[in-house]
Amino acid sequence: MSDSAPVIDVHGLTKSFGSTRALDGLDLRVERGEVHGFLGPNGAGKTTTLRVLLGSVRADSGSATVLGLDPWSDIPALHARLAYVPGDVALLPGLTGGEVIDLLARLQGGHDAARRARLLEMFELDPTKKARSYSKGNRQKVALVAALASRAELYLFDEPTSGLDPLMEEQFRHCVRELKGDGRTVLLSSHILSEAEALSDRISIIRAGAVVETGALSDMRHLQRLAISAETGHELHGITDVPGLDDVVLEGNHLRCTVEPAHLAELLSHLTAAGIKTLESHPPSLEQLFLSHYGVRVDEDDHA
Amino acid sequence: MREENAGTLAMLRLALRRDRILLTSWVVGLAATAGFSAAATVDLYPTEEQRVAAAEAINASAAVVALYGRIYDPTSLGAVSMIKLTALGASIVGIVMLFVAIRHTRGEEEPGRLELLSGGRLGRRAPLTAALLLVAGASLALALLTAVANTAAGLAWTGSLAFGLGWGATALVYGTVGAVTAQVSDSARAARGLGLVVIAVTYVLRAVGDLAEPGPGPLSWLSPIGWNQQLRAYSGERWWVLVLPVVVSAGLVVVAYALRSRRDLGAGLRADRPGPAVGSLQTVGGLAWRLQGRILLAWAVGFVLFGLILGSMAGSVDKLLTSPAMKEFFEKIGGTAGLVDVFLGAMVAIIAAIAAAYGISAAARLRAEEVEGHAEPLLATATTRVRWATSHYAVALGGTALLMVLAGLSVGVSASAALGDWSQLGRVLVAALVQIPAVWVVTSLVLLLFGWLPRYTTVVWGLLAAFVVVGEFGALWKLPEWLMDVSPLRHAPTLPVSGSGVVPVVALTLVAAAVSATGYVGWHRRDLTG
Ligand SMILES: Nc1ncnc2c1ncn2[C@@H]1O[C@H](COP(=O)(O)OP(=O)(O)O)[C@@H](O)[C@H]1O
Ligand SMILES: [Mg+2]
């Protein structure tokens, strides 16, 4: 395989579970050596895509190649070269964390003991505890240590930080940057924009079983908006003339909107002129973006 | 106290919804089995003379007494028609209710369901209380339905009421046993295993007690299944015996609550001790052995003990031949040697059915591991699906073979010792070995369903129950031959095993191989499901 061939190459993938269409013509391309964010709200089809790439489920139609191999029929050859962390980690309850890590490693073809020890320390994981007694976050850590300790070419992470506290999340980010430094390829699914943003070279956005957009985050200007909420002393006039403004809700002296960072200064000067009293600004949530950009509502529990 | 039980009704409603089909079919099926058997026996022995002859033959056969118990009033139609359902039926009732109780207590804790609900307004005792209410309700329903079915079939209503209440009381006892084992075990699987041990031990206690002369011996009184017999439905009911199961159940309920208050949700009674920091498992085969080896060892010990006890009863086959007419009858059909063969053959057959139950539970681990999400991470490694499935399937096949070898040896040794005839050892061992392919066919059905209809893998338990019921009642119910022939267990050769036994043994082996291969094909091409 040449170096320029994509590590993951997926075309027109479809998959239905009964009447639910989980994947609906999904295309995905992940290049060698990149950290690729796979971003979408819950139920969009991220896990299903990863399970197709692992050969756990078989797509109804479309094609998928991973590391140049067929994920359904070349399982031993392919799996020896990739590592996977499921979204919902279930561990064999009677084994200790250390036993689980070592078993997975052996089935994978071995791992680096020094690296294993370092990862256990980084994630503050006690390997002598029975898997039964681990919390969700600790189960997640066991799966992460097992995957990160292996020397794979491709890492598939399904919402890897969902059970981790911020400190551990930072450790995980550190590990991913290390993998990238080593030239390994990472596909990282997430429904949190900031997480994908912090790590990814490129992002694919999935919605209702199809990728709606792919590219570097810096190229997705509409995803870089800031959400603004402000109150002014005088009534605001001509605010809609400010370029790069969207989702404007103006109620007397109260403004809510989103703005492209490039036009933030212009907006602020308008607000200052009107006697600004309070100002709040934050990056929008994925759900807000989806609402404004694709006009879809995402379920309430997706904020979890 | 009140707060501890908050949410019980909601839990009970949930349990009823989940079980509405499964539990209803078991209760109705059991009551119907009793009703049909009663009706069939009414037709089979229309006169009292015929009944007495049948009852004497039953009481004279050690095999029958060991498996089913005695008939205390030979003139009683009800006693003759319910003989197979009094001890054996009671133990099946017990198994069903044991599983129901564990499913709604310990079983609920595992997928973290209760934990989710406990976050809401759910008292600490609510799940246990709900499960006990469910068990009590189902036991009562079973009691009344069975009484009605037997009365409708033409048996006396007082006896039918006693018989129904006997079943209900047995259901209650083993349901509460389940509530206790659920508290002391660290998983639902272990709780079921421990409960089954209790049922097996109490069943054997009464078998030994019933064979004592004059029966029943004191051991029968140590067993809830024995109480069900000593209630003597249709043979001059002794209603006071019902006090025993009720008191014991109440005691078990108290124990269950006391244990519940001593442990955390999802935990066993003992806190988990730390284990090795570094793993030594090398393969999925090693993992399957780690997960299943200790369970197989426990079964192996059970089989040896069970085999020794059953084999030792061979010495008493002719002790029960008290009437001269019976003696003469059996002399005609081959004398004591024939009797011994009938007895040992029957014991080997029941052991084979129990080994099949082991085979099913070991092979069904495949589905459990898949549903619990343990399979997916393993299959994401370089391990293939076939290799992973084979790891547990091999334990099931090897385990059933091992159990039959041990059963053959232990029954053979103790029967030989009891009869003072060591030629029995080889004969019994062969008789046990030739059962293995039939047991494998039943086990392979698990793989077939796992491959093609994974959500219905547990249906194999129903099939095994059907095979056993057809074997026990097929002739009585005048079922067509082809229907009875569906049971693989029917085709295994019995004592004395002759050269012609090779044909069914080879054929059953081929069937098991074909069914397994078909199962593998399905597993190889289907999606992993939760
Ligand atoms: N095994 C399954 N059976 C039925 N429906 C499923 C199954 N797996 C996923 N789905 C459905 O497919 C859709 C996509 O799910 P999933 O891939 O898990 O999304 P995500 O990981 O992005 O949250 C959802 O509507 C989900 O309910
Ligand atoms: Mg998911």
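Every value quoted in this text rests on a predicted model; they were computed, and no experiment measured them.

(A) Structural detail: the site of ligand 1. All names here are of chain A. Neighbouring ligand 1 are Phe17, Thr20, Ala22, Pro41, Asn42, Gly43, Ala44, Gly45, Lys46, Thr47 and Thr48. Separating an oxygen atom of ligand 1 from a backbone N or O atom of Lys46 is a distance of 2.8 Å. Contacts to ligand 1 include Thr47, whose side-chain N or O atom sits 2.6 Å from an oxygen atom. Elements with a contribution of two residues or more to the shell around ligand 1: strand 2 (20-30) and helix 1 (46-54). Tallying contributions element by element places helix 1 first for the shell around ligand 1, with 3 residues.

(B) How the structure looks around the domain arrangement of chain A. One can read the domain layout of chain A as domain 1 (8-221) and domain 2 (226-282). A C-alpha centroid distance of 40 Å is found between domain 1 of chain A and domain 2 of chain A.

(C) Quick look at unusual backbone geometry. For Glu159 of chain A, which is not glycine, the phi dihedral falls at a positive 40°. Judged by its relative accessible area of 15%, Glu159 of chain A is buried. Positioned with a positive phi, Tyr234 of chain B is a non-glycine residue whose angle comes to about 70°. Relative to the assigned elements, Tyr234 of chain B resides in the loop between helix 12 (224-230) and helix 13 (243-260). When its relative accessible area of 8% is taken as the criterion, Tyr234 of chain B is described as buried.

(D) A look at the sheet that holds strand 12 (residues 254-259) of chain A. Residue and element names in this part refer to chain A. Reading across from one edge, 11-12-10-13 is the order of the 4 strands in this open sheet, with antiparallel pairing throughout. Both edges of this open sheet fall to strand 11 (245-251) and strand 13 (276-282), since each of them pairs with a single strand only. Taking the axes of each pair of neighbouring strands and ignoring which way they run, one obtains an average angle of 15° across the sheet. Examined bridge by bridge, strand 11 and strand 12 share 5 bridges and lie antiparallel to one another. Note that in strand 12 the partner of Val249 across the bridge is Arg256.

(E) Representation of the sheet that holds strand 9 (residues 210-215) of chain A in the model. Residues and elements named next belong to chain A. The mixed open sheet is built from 6 strands, whose spatial order is 5-6-7-3-8-9. A single partner strand is all that each edge strand has here, and the edge strands are strand 5 (82-85) and strand 9. With direction set aside, neighbouring strand axes in the sheet form an average angle of 15°. Pairing between strand 3 (residues 35-39) and strand 8 (residues 202-207): 4 bridges, direction parallel. For Leu39, the partnering residue across the bridge sits in strand 8 and is Ile205.

(F) Main features of the confidence of the model for chain B. Residues and elements named next belong to chain B. For chain B, mean pLDDT is 88; residues scoring 70 or higher make up 92% of the total. No element of chain B has a lower mean pLDDT than helix 8 (residues 113-118), at 57, and none a higher one than helix 21 (residues 436-452), at 97. Across the assembled chains, the prediction reports ipTM 0.84 with pTM 0.85.

(G) Highlighting the domain arrangement of chain B. Residue and element names in this part refer to chain B. Each assigned domain of chain B is listed here: domain 1 (1-269) and domain 2 (285-530). One C-alpha centre belongs to domain 1, the other to domain 2, and the line joining them spans 24 Å. Here domain 1 and domain 2 share an interface that buries about 2,300 Å² over both sides, 76% of which is from carbon and sulfur atoms. Together, Ala60, Leu67 and Arg189 form the three largest contributors to the area buried by domain 1 at its contact with domain 2, with a combined 22%. Connecting domain 1 to domain 2 are 2 salt bridges. Where domain 1 packs against domain 2, one counts 3 residue pairs in polar contact (both at pLDDT 80 or more). Elements that contribute at least two residues to the side of domain 1 that touches domain 2 include exactly helix 1 (8-44), helix 2 (48-60), helix 3 (62-68), helix 5 (83-86) and helix 11 (188-211). For the side of domain 1 that touches domain 2, the leading source of residues is helix 1, giving 7 residues.

(H) Representation of the packing of aromatic side chains in the model. For the structure shown, the criterion picks out 12 aromatic pairs over all chains. Seen in terms of ring centroids, Phe163 of chain B and Trp167 of chain B are 5.2 Å apart; in terms of plane orientation they differ by 45°. Their pairing is tilted. With Phe163 of chain B and Trp167 of chain B both in helix 10 (residues 157-184) and 4 residues apart, the pair spans about one turn of that helix. Comparing Phe163 of chain B with Trp167 of chain B shows no difference in burial state: the two are buried. Judged by centre distance (5.7 Å) and plane angle (45°), the ring pair of Trp388 of chain B and Trp523 of chain B falls under tilted. Of this pair, Trp388 of chain B sits in helix 19 (residues 385-419) while Trp523 of chain B sits in helix 24 (residues 502-525); the two residues are 135 residues apart in sequence, bridging distant segments of the chain. With respect to burial, Trp388 of chain B and Trp523 of chain B carry one shared label: buried. Linked through ring pairs, Tyr155, Phe157 and Phe172 of chain A together constitute an aromatic cluster. One residue, Lys84 of chain B, lies across the ring of Phe473 of chain B, its end atom 5.8 Å from the ring centre. Sitting over the ring of Tyr72 of chain B, Arg232 of chain B keeps its end group 3.7 Å from the ring centre.

(I) Seen up close, the pairing of strand 2 of chain A. Two elements, strand 1 (residues 8-17) of chain A and strand 2 of chain A, share 8 bridges in a ladder whose sense is antiparallel. Considered in strand 2 of chain A, the bridge of Thr14 of chain A is made with Asp24 of chain A.

(J) Quick peek at the interface of chain B and chain A. Taken together, the 37 residues of chain B in the interface contact 35 residues of chain A. Both faces considered, chain B and chain A share a buried interface measuring about 3,000 Å² in area, 55% of it formed by carbon and sulfur atoms. Viewed at the interface, chain A and chain B are joined by 3 salt bridges. A salt bridge links Arg290 of chain B to Glu99 of chain A, with the shortest nitrogen-to-oxygen separation between them at 2.9 Å. Our count for the chain B to chain A interface comes out at 20 residue pairs in polar contact (both at pLDDT 80 or more).

(K) Focus on empty space enclosed by the protein. Counted under the stated rule, the structure contains 11 cavities of 30 Å³ or more. Counted as a void, the largest cavity has a volume near 210 Å³. Going through the elements one at a time, strand 5, helix 3 (97-108) and helix 5 (136-149) of chain A are the ones with two or more residues in the lining of the largest cavity. Considering only residue class, the lining of the largest cavity consists of 16 nonpolar, 3 polar and no charged. The space that makes up the second largest cavity amounts to roughly 180 Å³. Around the second largest cavity, the lining comprises 19 residues; the ones closest to its centre are Arg70, Thr86, Gln229, Arg232 and Ala233 of chain B. Those elements giving two or more residues to the lining of the second largest cavity turn out to be helix 4 (77-81), helix 5, helix 10 and helix 12 of chain B.

(L) Fine view of the pattern of salt bridges. This structure, assessed with the given rule, holds 27 salt bridges over all chains. When the shortest N-O distance is used, the salt bridge between Arg81 of chain A and Glu153 of chain A registers 2.7 Å. Placement of Arg81 of chain A in the loop between helix 2 (75-79) and strand 5 and of Glu153 of chain A in the loop between helix 5 and strand 6 (154-158) is noted, with a sequence separation of 72 residues between them. Overall, the relative accessible area of 25% leaves Arg81 of chain A in the partly exposed class. Via salt bridges that share partners, Lys15 and Asp60 of chain A together with Asp527 of chain B belong to a single interconnected network.

Procedures and definitions
- Residues numbered from 1 in each chain as written.
- Chains lettered and ligands numbered in written order.
- Predicted model: local features only at pLDDT ≥ 70, side-chain atom pairs only at ≥ 80, totals over all residues.
- Heavy atoms only, no water.
- Near = heavy atom within 4 Å.
- Polar contact = N/O pair within 3.5 Å; in protein donor to acceptor, adjacent residues only side chain to side chain.
- Helix = DSSP H or I, 4+ residues; strand = E, 2+ residues; numbered from the N terminus.
- Domains from an automatic or database assignment.
- Buried < 20%, exposed > 50% of the residue type's maximum accessible area, 1.4 Å probe, protein only.
- Pairing = 2+ DSSP bridges.
- Axes fitted to C-alpha atoms, helices over the stretch in contact; angles between N-to-C directions.
- pLDDT = per-residue confidence, 0-100.
- Buried area = accessible area lost by both parts, 1.4 Å probe.
- Salt bridge = Lys/Arg side-chain N within 4 Å of Asp/Glu carboxyl O.
- Phe/Tyr/Trp six-rings, centres within 6.5 Å; stacked < 30°, edge-to-face > 60°.
- Lys NZ or Arg CZ within 6 Å of the ring centre and 35° of its normal.
- Contact = heavy atoms within 4.5 Å.
- 1 Å grid on protein atoms, 1.4 Å probe; cavity = no way out; pocket = protein on both sides within 12 Å on 5 of 7 lines; lining within 4 Å.
- Points joined across faces, edges and corners; volume = space filled by probe spheres on them.
- Nonpolar A, V, L, I, M, F, W, Y, C, P; charged D, E, K, R; others polar.

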